[in-house]
Amino acid sequence: MTKTRLLAALIMAPVAIAAILLLSTPWIVALAAVVFLAGLWEWFELAEIEDTLARTVLLVAHLALMVAIVWASRSASGYSYVLFQLASVIGVVWWLLALLWLRNYDFASNHESWARFFKLAAGALAIIPAWCALAWIHASEPNGHVWLFTALAIVWAADSAAYFAGRHFGGTLFKGRKLAPRVSPNKTIEGLAGGMLLAVVAGVVFAIVGVHPFDQWQEGLKVGVLVALVAPLGDLAESLVKRDLGIKDMGSILPGHGGLMDRLDSLLLVAPVVWALLAVFVPSS
């Protein structure tokens, strides 16, 4: 499994990096929509939407919303990203509320219609704002593509380090204490610590070598810590719903990764947070 996971990552990472750094924002918006909608298709299983026709209708509805946002953002001078920013704000608010969901992990854990509707809404509130935030980050001037690349690189670093640290050191350094045993019994504090460490290193390295618009390495340190702290929340939210259904993997689209949503879950939270970071601390972008 580890070799398969590593091979898949070695193939996907260069493709994603090249796309972010070389393609224009409209192409990034279109490609991101395809990837996010594929992840949403997997999420429908968590919402217990088993009928293929129903899934297809829901997917088309989300696609229509994305198209409507792009169409309504057109202007005489190009594109206005106001709607993208508004959706990103909604995403940040949703993830703050999701903290309550993680705290009350039995909420919406049954199989009634209202619980399924809540999970569908949760998917939409995670996917659409993250896609909008990603688009706005890439379009921001003058270094939006670099910001997006750095955010993704830190997420990849944190996810990979958390996975390997959890596998090799889980339960040894913190006397078997789990990160969130009622939500995801396999996630360890050692994994979280390993992910935070490499995320911080990645942020600092990007600042030092000058491939990121940080003025000082301390800024890279702060961004690394912030991303490392928020990234696991998306993973835990997905694990919460998978626990209710008694499933381990979301799908088989990505070999060795347990499904596409397992790779997107951290980004769903990180993208709106990085957008907020840019909007608040980098007004010129």
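Here's what I pulled together on the structure shown here.

Definitions and cut-offs
- Residues numbered from 1 in each chain as written.
- Predicted model: local features only at pLDDT ≥ 70, side-chain atom pairs only at ≥ 80, totals over all residues.
- Heavy atoms only, no water.
- Phe/Tyr/Trp six-rings, centres within 6.5 Å; stacked < 30°, edge-to-face > 60°.
- Helix = DSSP H or I, 4+ residues; strand = E, 2+ residues; numbered from the N terminus.
- Buried < 20%, exposed > 50% of the residue type's maximum accessible area, 1.4 Å probe, protein only.
- Lys NZ or Arg CZ within 6 Å of the ring centre and 35° of its normal.
- Axes fitted to C-alpha atoms, helices over the stretch in contact; angles between N-to-C directions.
- Parallel < 35°, antiparallel > 145°, perpendicular 65-115°, else oblique.
- Left-handed = near helix turned anticlockwise from the far one by under 90°.
- Contact = heavy atoms within 4.5 Å.
- Nonpolar A, V, L, I, M, F, W, Y, C, P; charged D, E, K, R; others polar.

**Notes on the packing of aromatic side chains**
Part 1 of the argument: The full count for this structure, using the stated rule, is five aromatic pairs.
Part 2 of the argument: Geometrically, the ring pair formed by phenylalanine 84 and tryptophan 131 is tilted, given 5.7 Å between the ring centres and 45° between the ring planes. Of this pair, phenylalanine 84 sits in helix H4 (residues 82-103) while tryptophan 131 sits in helix H5 (residues 113-139), placing them 47 residues apart in sequence. A single burial state applies to phenylalanine 84 and to tryptophan 131, both of which are buried.
Part 3 of the argument: Grouping aromatic residues by their ring pairs yields a cluster made of Tyr81, Phe84 and Trp131.
Part 4 of the argument: The ring of tryptophan 41 has arginine 55 lying over it, and the distance from NZ or CZ to the ring centre is 5.5 Å.

**Comments concerning the packing of helix H2 (residues 25-46) against helix H3 (residues 52-72)**
Part 1 of the argument: Two elements in contact, H2 and H3, have axes separated by 10 Å at closest approach and are oriented at 150°. Judged on the interaxial angle alone, H3 and H2 are roughly antiparallel. Handedness of the H2/H3 crossing: right-handed. Contacts from Val29, Ala33, Phe36, Leu37, Leu40, Trp41, Phe44 and Glu45 of H2 reach H3 at Thr52, Arg55, Thr56, Leu58, Leu59, His62, Leu63, Met66 and Val70.
Part 2 of the argument: Partitioning the contact of H2 with H3 into residue classes produces twelve nonpolar, three polar and two charged.

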